[in-house]
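A structural walkthrough
What follows is the residue order along each chain.
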Amino acid sequence: MSTVALAPSFALATPVVADKADNAFMMICTTLVLFMTLPGIALFYGGLLRSKNVLSMLTQVSITFALVCVLWVLYGYSLVFSEGNAFLGSFQMAMLKGIGIDSVIGTFHQMIHVAFQCSFACITVALVVGGIAERIRFSAVVIFAAIWFTLSYLPIAHMVWGGGFLAADGTLDFAGGTVVHINAASASLIGAYLLGKRVGFGREAFKPHNLPMVFTGASILYIGWFGFNAGSASAANGIAALAFLNTVIATAGAILSWIFAEWMARGKPSLLGACSGCIAGLVAVTPAAGSVGVGGALLIGLAGGIAGLWGVVMLKKWLNVDDTCDVFGVHGVCGIVGCLLTGVFTASSLGGIGYAEGVTMGHQVWSQLISVVITLVWSGIAAFIAFKVADVIVGLRVAEEQEHEGLDVNSHGERAYNS
C-alpha cells in the first residue's frame, strides 16, 4: 500500500479495501472537475474575447490541459504528495512509481486521487491564460505553462495540501483558494503587465463576442464546481454534503449581490454580471466550503459578489492593466476574500466546524493572510521567470499586424465563423 502526505481534507484512516461508494463518488467528482476545464473554462473565456481570437483561447486551454496531464504523471504528483521538505516533495513516485491497482488512499484507490488532483492542476494553469489572451504567442503559452506549473503550482500545492509549510502553519484551504485561484491570478497579472495592453485598449470597446457562450461556460463551471468542492472531502460523507450545499448558497448569494450592485451603479442588470457573479461566488467559497456553516457560506458569497465587481471595475483601473478576462479581478480578489473569511466563519460560534485545538480566530485569520501573501509573491516570481524564459526563446507577443487580424488565423490557420 502506498502512502503519501495529504491535506487535512484527505487525512482519513486508510482501510485495506477501498469503499466502492467513495470510489464511485471520487470518480464522478474527478470527471466534473475535468469538465470544468474542457469545455467550461474554454467556453467561458472564449465567449469573452473578440470573435477573431476565440479559437486561440480554445486551443490554448486544450494544449495546457494536455501538457499538465502529462507532466502531472511524470513528476507533478510525486513532487506534491511524496515526502520531502517544507516546500516540495521528492521524485519518490515519479511516473507513479509504487502506485498500483491495489494502492488505496483514504477510502478510495490512489489512482483516482492522482486523477482528481490532476484535474485541479489542469484548471489552474488554464485559468492563467485568460489574463494574457488576444496578444500572446501560442508557443510562449506552452513554454510558460510547463515552467510555471513546475515552479509555482507544485510547490504551492505541496505547501498547502502535501504536508508542507502552510499546512504545518494551520492554513485552511479546503478546495483551492490559494493553490488554484490566487496562484493563477497572480501569474496572470504578471503576464498581463509583461505583455502590455492590447492594441486599441482604452480607445476601442472590447466587448464579449458571444454572451450565450459565456453563459454556457459559466453554467458548466457552476455544475463542475460541485466536484471541485464536494470532492475535496475525499469521501461521500457529511463534509461533502456541507461543501455541496455551501457551494449552492454562496454562488446564489454572489450572483444576487453582483447583479444588484451593478443595477444600482449602472442602471441595468446584465447577463455578463450574473455570470461573473456566479464565478465570484464559486471562487470565494472554495477555501471555506468544507469548514464553514451555511450562513457563513452565504455571507462569503455576498461579499464575493461585491468584491468581484469592485475588482473588475475599480481595481483594474487602479492597477492600469489589461487583464483580458479579469482573472485577477475575480479569481484573485475573490480568492483573497474567501481565504480570509474562511478564518472567520470556520469558528464554531459562527456555525463552522471549529478551529484546531488551541487556535483562536485571530491566529487563524493571520495564518490565512500569510498563505495569501506567500502565494501571491511565490506565484508572481515564478510567473516572471517563466514568461521571461518564454520571451527569450520565442518572444511573448505576436506582431501588431497579426494582433489586428486575429490570432485564430495567424496562429492556427482557422476561423471560428465562416458564414
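Residues numbered from 1 in each chain as written. Predicted model: local features only at pLDDT ≥ 70, side-chain atom pairs only at ≥ 80, totals over all residues. Heavy atoms only, no water.

So, helix 6 (residues 177-195)
Here helix 6 is 19 residues long and its end C-alpha atoms lie 26 Å apart, about the 27 Å a rise of 1.5 Å per residue gives. Within helix 6, 16 of the 19 residues are buried, leaving the element largely enclosed by the surrounding structure. Immediately downstream of helix 6, the backbone of Gly-196 shows phi near 85°, a positive value. (Helix = DSSP H or I, 4+ residues; strand = E, 2+ residues; numbered from the N terminus. Expected span 1.5 Å × (residues − 1). Buried < 20%, exposed > 50% of the residue type's maximum accessible area, 1.4 Å probe, protein only.)

Quick word on the environment of Arg-50
Here Arg-50 lies in the loop between helix 1 (20-48) and helix 2 (54-81). If we skip the residues at most four places from it in the chain, Arg-50 touches Glu-134, Arg-198, Phe-206, Lys-207 and His-209. (Contact = heavy atoms within 4.5 Å.)

A look at the UniProt feature "domain: Ammonium transporter AmtB-like" (unreviewed entry) in the protein
With numbering matched to this structure, UniProt assigns "domain: Ammonium transporter AmtB-like" (unreviewed entry) to residues 24-417. For residues 24-417, the helix share is 69%, the strand share is 1%, and the end-to-end C-alpha distance is 40 Å. (UniProt positions renumbered as here; feature names shortened; annotations may be inferred.)

Topic: helix 3 (residues 110-128)
For helix 3, which comprises 19 residues, the first-to-last C-alpha distance of 28 Å matches the rise-based estimate of 27 Å (1.5 Å per residue) to within 8%. Burial analysis of helix 3 places 17 of its 19 residues in the buried class, which makes it a mostly covered element.

Focus on a nonpolar patch on the surface
A surface patch of nonpolar side chains, amounting to about 720 Å² of accessible area, comprises Leu-151, Trp-366, Leu-369, Val-373, Val-377, Ile-381, Phe-384 and Ile-385. Looking at the nonpolar patch element by element, the count peaks at seven residues for helix 12 (residues 361-393). By secondary structure assignment, the location of Phe-384 is in helix 12. (Patch = residues over 30% accessible without salt bridge, like charges linked within 9 Å, V, L, I, M, F, W, Y side chains within 5 Å. Areas by Shrake-Rupley, 256 points an atom, 1.4 Å probe, with all protein chains shown as cover. Salt bridge = Lys/Arg side-chain N within 4 Å of Asp/Glu carboxyl O.)

Topic: the packing of aromatic side chains
Considering all chains together, one arrives at 20 aromatic pairs under this definition. Where Phe-87 meets Trp-378, the ring centres are 5.9 Å apart and the plane angle is 20°; that geometry is what we call stacked. Taken together, the positions of Phe-87 in the loop between helix 2 and strand 1 (104-105) and Trp-378 in helix 12 put the pair 291 residues apart, joining distant regions of the chain. Within the aromatic cluster, the residues linked to one another by ring pairs are Trp-72, Tyr-75, Tyr-77, Phe-81, Phe-149 and Tyr-153. (Phe/Tyr/Trp six-rings, centres within 6.5 Å; stacked < 30°, edge-to-face > 60°.)

Points about the nonpolar core
Looking at soluble globular proteins, one finds that nonpolar side chains tend to be buried together. Within the largest apolar cluster, 113 residues are counted, with the highest numbers of intra-cluster contacts made by Tyr-45, Trp-72, Trp-148, Phe-149 and Tyr-153. When residues of this core are assigned to their parent elements, the largest contribution, 14 residues, is made by helix 4 (residues 138-161). (Core = buried A, V, L, I, M, F, W, Y, C linked by side-chain atoms within 4.5 Å.)

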